[in-house]
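Analysis of the macromolecular model
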Amino acid sequence: MHPAYSVIVFTTFSGAGYGLLVCLALFGMTGGIEAERWLGITGFTLALTMITGGLLSSALHLGHPERAWRALSQWRSSWLSREGVLALATYLPALLLATNWIVFEEIEGAGYLFAMMTIVFSVLTVISTGMIYASLRTIRAWFNPHTVRVYLSFSLWTGALWFNLLAHLFGVHTPWVGVFMVVAGVLALFFKRKYWIFIDTHPVWVPPESALGLEGAGPVRQIAPPNTQENYVQKEMGYRIARKHMYSLRRTAFFGYFLIPWGVALLTIESEPVLRYAGAFVAVFAGMVGALVERWLFFAEAKHTANLYYGAESS
């Protein structure tokens, strides 16, 4: 599929925003960190800004952005609509939790309910985003259980990187924040590696002979193309990336989204304040750049079955 940069930015930054919300709500309700006022102001503002910016970026991907509100009415059958409804619903508990955190500087009473609702709605929104792609049977690279797991793990991992930075900056970092970040990074690595292994070992979804109803007739190849010049379907659904470039970008994504941020943050976690701040910042920067490369590959590596009509050997 042709990578759409607005969707890449949306899924990466909104995912990080929801991940940061989950971290704030989880550590706030369990007492894992001190509910410091300026941490709350900065953390919730940053998380909601990334979410809102991501949603606005996704609206630009629509043919008629001014009609985006109509997509919300199809929540019974559309994962895109469910994502929009859940994204809007998340604002209410998140804002109530932020108010409780900032005003009282602790999570108590109704604050526990707001925190739990924030976590649930954030997770459901990210699941809906992943299901937009995982529900498309015509794209084998997406139609598998690994897709949603990757979206969830990357949301948690990038959110944990931002949370780790904020915890250092506001002096509330604890060993549990470090443990959480380490575990989140390993989960992102594990699920992404499982995803890449799956799409490499299951490249064929619908072979040409099956599409033509000629199963058992042996390999089928196209004698002549159906058109003389590339059309819209080929440009949007037939995006091709050379294998050597694909593996090179995978290595770049691995170093960016996992190895550099995970290693730097871990090595500097007990260092002098300046080194801790610098390490946490480098981890966030490298992690977000790596996540953007990973998300670009997510689209570029996907093959639509429509390509069979134009001479592709597999989908």
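The rules behind the values
Residues numbered from 1 in each chain as written. Predicted model: local features only at pLDDT ≥ 70, side-chain atom pairs only at ≥ 80, totals over all residues. Heavy atoms only, no water. Helix = DSSP H or I, 4+ residues; strand = E, 2+ residues; numbered from the N terminus. Buried < 20%, exposed > 50% of the residue type's maximum accessible area, 1.4 Å probe, protein only. Contact = heavy atoms within 4.5 Å. Salt bridge = Lys/Arg side-chain N within 4 Å of Asp/Glu carboxyl O. 1 Å grid on protein atoms, 1.4 Å probe; cavity = no way out; pocket = protein on both sides within 12 Å on 5 of 7 lines; lining within 4 Å. Points joined across faces, edges and corners; volume = space filled by probe spheres on them. Nonpolar A, V, L, I, M, F, W, Y, C, P; charged D, E, K, R; others polar. Patch = residues over 30% accessible without salt bridge, like charges linked within 9 Å, V, L, I, M, F, W, Y side chains within 5 Å. Areas by Shrake-Rupley, 256 points an atom, 1.4 Å probe, with all protein chains shown as cover. pLDDT = per-residue confidence, 0-100. Phe/Tyr/Trp six-rings, centres within 6.5 Å; stacked < 30°, edge-to-face > 60°. Lys NZ or Arg CZ within 6 Å of the ring centre and 35° of its normal.

Another aspect to go through is the overall build of the chain. Within the chain, the regular secondary structure consists of 10 helices and 0 strands. In sequence order, the secondary structure elements of the chain are arranged as α-α-α-α-α-α-α-α-α-α. Relative to its full complement of 315 residues, the chain shows a buried share of 46%. Taking the intrachain contacts of the chain between residues at least 6 apart in sequence as the baseline, contacts between residues at least 24 apart amount to 80%.

Take the environment of Thr12 next. Following the sequence through the fold, Thr12 ends up in helix H1 (residues 5-30). We classify Thr12 as buried; its relative accessible area is 4%. The contact partners of Thr12, leaving out residues within four places of it in the chain, are Met288, Ala291, Leu292 and Arg295.

Within this structure, the stated rule accounts for 5 salt bridges. One salt bridge in this structure joins Arg37 and Glu105, with 3.3 Å as the shortest N-O distance. In this pair, Arg37 is assigned in helix H2 (residues 37-60) and Glu105 in the loop between helix H3 (79-104) and helix H4 (110-134), connecting sequence segments 68 residues apart. Assessed through its relative accessible area of 33%, Glu105 is described here as partly exposed. Arg250 is paired through a salt bridge with Asp200; the nearest N and O atoms lie 2.7 Å apart. With Arg250 in helix H9 (residues 243-267) and Asp200 in helix H6 (residues 175-201), this residue pair connects regions lying 50 residues apart in the sequence. Under the relative-accessibility criterion, Arg250 is labelled buried at 8%.

Turning our eyes to something else, we now look at empty space enclosed by the protein. One pass over the structure, following the stated rule, counts 1 cavity of 30 Å³ or more. Size it by volume and the largest cavity reaches roughly 120 Å³. Lining of the largest cavity is provided by 15 residues; of these, Thr11, Gly15, Tyr151, Ser155 and Arg295 occupy positions nearest its centre. Breaking the lining of the largest cavity down by element, the ones donating at least two residues are H1, H4, helix H5 (146-169) and helix H10 (273-300). For the lining of the largest cavity, the element with the highest residue contribution is H1, accounting for 6 residues. For the lining of the largest cavity, the class distribution of residues is 6 nonpolar, 8 polar and 1 charged.

With that out of the way, let us pick up a nonpolar patch on the surface. The grouping of Phe255, Leu259, Ile260, Phe281, Val282, Phe285 and Val289 at the surface amounts to a nonpolar patch, some 630 Å² of accessible area in total. Elements supplying a minimum of two residues to the nonpolar patch: H9 and H10. No other element matches the 4 residues that H10 contributes to the nonpolar patch. Assignment of secondary structure puts Leu259 in helix H9. Residue Leu259 is classed as partly exposed on the basis of its relative accessible area, which comes to 35%.

A few words on the side chain of Thr158. Considering the arrangement of structural elements, one finds Thr158 in helix H5. For Thr158, a relative accessible area of 2% translates into the label buried. Among residues more than four places away in sequence, those in contact with Thr158 are Gly15, Ala16, Met288 and Ala291.

Our focus in this paragraph is the confidence of the model for the chain. Averaged over the chain, the pLDDT score is 86; the fraction of residues at 70 or greater is 86%. Here helix H8 (residues 232-237) stands out as the element of the chain with the lowest mean pLDDT, 64, in contrast to H5, whose mean of 96 is the highest.

In this structure the tally under the stated criterion is 17 aromatic pairs. Their ring planes at 85 degrees and their centres at 5.4 Å tell us that Phe298 and Phe299 sit as a pair that is edge-to-face. We classify Phe298 as buried; its relative accessible area is 2%. By way of ring pairs, the aromatic residues Tyr133, Trp142, Tyr151, Tyr195, Phe298 and Phe299 are connected into one cluster. Above the face of the Trp79 ring, Arg82 is positioned so that its terminal group lies 4.6 Å from the ring centre. Between the NZ or CZ atom of Arg295 and the centre of the ring of Tyr151, over which it lies, the distance is 4.3 Å.

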